[in-house]
Amino acid sequence: MSKTLVAYFSAQGTTQKVAQKLAAVAGADLFEIVPAQPYTAADLNWNNSQSRSTLESKDRTSRPPVASHVDNMDDYSTVYVGFPIWWYREPTIVDSFLEDYNLDGKVVVPFATSGGSGLGKSAQDMAGSAPGATVLDGELLNGVGRSALEAFVARVSAEA
Ligand SMILES: Cc1cc2nc3c(=O)[nH]c(=O)nc-3n(C[C@H](O)[C@H](O)[C@H](O)COP(=O)(O)O)c2cc1C
């Protein structure tokens, strides 16, 4: 019950790279949140009010299914959850992931990459999808190097 997991969703590869570096710094296992239905370029078109990502982001109750599963979630006490910011929040597939597990007593730590926006209300949304977990304030990890990741992990260790 003392291991750390870095779980991430990444549609275009940016968050994946950060997640890999974070897992290395934190000495954590790495897990990819794989959408059951992959996001196409058309799905990710935020200029289209009818694109999949726009419709899912507008409907905060949407829960796109996840194809991958953490079989040993009980082993982890701290779960970092990374994602791209979509429309100022977490993609709702992140909530699908959280709701797939009983996270009682665990510490959930959001992190994100974006075009510049912060995490907005992501942590509040995620707390709603992880009742019983403590959801810490997240961090935006755009273009960060090793020392920033070490500082993030140290902050989380102090709070977890
Ligand atoms: C559908 C969609 C919505 C986005 N909304 C925002 C936004 O509100 N604010 C922002 O700064 N960036 C936004 N972005 C940019 C992504 O957050 C950014 O490119 C991120 O690093 C992509 O991560 P990924 O490569 O792991 O998918 C959006 C991207 C997409 C595809």
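Definitions and cut-offs
- Residues numbered from 1 in each chain as written.
- Predicted model: local features only at pLDDT ≥ 70, side-chain atom pairs only at ≥ 80, totals over all residues.
- Heavy atoms only, no water.
- Near = heavy atom within 4 Å.
- Polar contact = N/O pair within 3.5 Å; in protein donor to acceptor, adjacent residues only side chain to side chain.
- Areas by Shrake-Rupley, 256 points an atom, 1.4 Å probe, with all protein chains shown as cover.
- 1 Å grid on protein atoms, 1.4 Å probe; cavity = no way out; pocket = protein on both sides within 12 Å on 5 of 7 lines; lining within 4 Å.
- Points joined across faces, edges and corners; volume = space filled by probe spheres on them.
- Nonpolar A, V, L, I, M, F, W, Y, C, P; charged D, E, K, R; others polar.
- Core = buried A, V, L, I, M, F, W, Y, C linked by side-chain atoms within 4.5 Å.
- Buried < 20%, exposed > 50% of the residue type's maximum accessible area, 1.4 Å probe, protein only.
- Helix = DSSP H or I, 4+ residues; strand = E, 2+ residues; numbered from the N terminus.
- Contact = heavy atoms within 4.5 Å.
- Axes fitted to C-alpha atoms, helices over the stretch in contact; angles between N-to-C directions.
- Parallel < 35°, antiparallel > 145°, perpendicular 65-115°, else oblique.
- Left-handed = near helix turned anticlockwise from the far one by under 90°.

### What to know about the site of the ligand
In the vicinity of the ligand, 19 residues are found, and the nearest of them are Ser10, Thr15, Ile85, Thr113 and Ser117. In the model, an oxygen atom of the ligand is placed 2.8 Å from a nitrogen or oxygen of the glutamine 12 main chain. Between the ligand and glycine 116 there is a distance of 3.0 Å, counted from an oxygen atom to a backbone nitrogen or oxygen. Here the ligand loses 88% of its free accessible area of 650 Å² to cover by the protein chains.

### Focus: the layout of surface pockets
Any space left empty among the atoms is revealed by the rolling of a water-sized probe across them. Counted as a void, the largest pocket has a volume near 510 Å³. Every residue lining the largest pocket is counted, 18 residues in all, and those nearest its centre are Gln12, Trp46, Ile85, Trp86 and Gly115. For the lining of the largest pocket, the residue count by class is eight nonpolar, ten polar and no charged.

### Notes on the nonpolar core
Counting 28 residues, the largest nonpolar core has Ile33, Met73, Val81 and Phe97 as the members making the most contacts within it. Only strand S1 (3-8), strand S3 (76-84), helix H3 (92-99) and strand S4 (107-113) provide two or more residues apiece to this core. For methionine 73, the contacting residues outside a window of four places in its chain are Leu5, Val79, Phe97, Tyr101, Leu103 and Lys106. Val18, Leu22, Leu149 and Val156 belong to the second-largest nonpolar core, a separate cluster that totals 18 residues.

### Looking at the packing of H3 against helix H4 (residues 122-129)
Between two packed helices, both the angle of their axes relative to each other and the distance between the axes serve to describe the pair. Relative to each other, H3 and H4 sit at 30°, their axes nearing to 9 Å. Relative to H4, the element H3 is oriented roughly parallel. The element H3 and its partner H4 pack so that their crossing is right-handed. On H4, the residues that touch Val94, Asp95, Leu98 and Glu99 of H3 are Asp125, Met126 and Ser129. Grouping the constituent residues of the contact of H3 with H4 by class yields three nonpolar, one polar and three charged.

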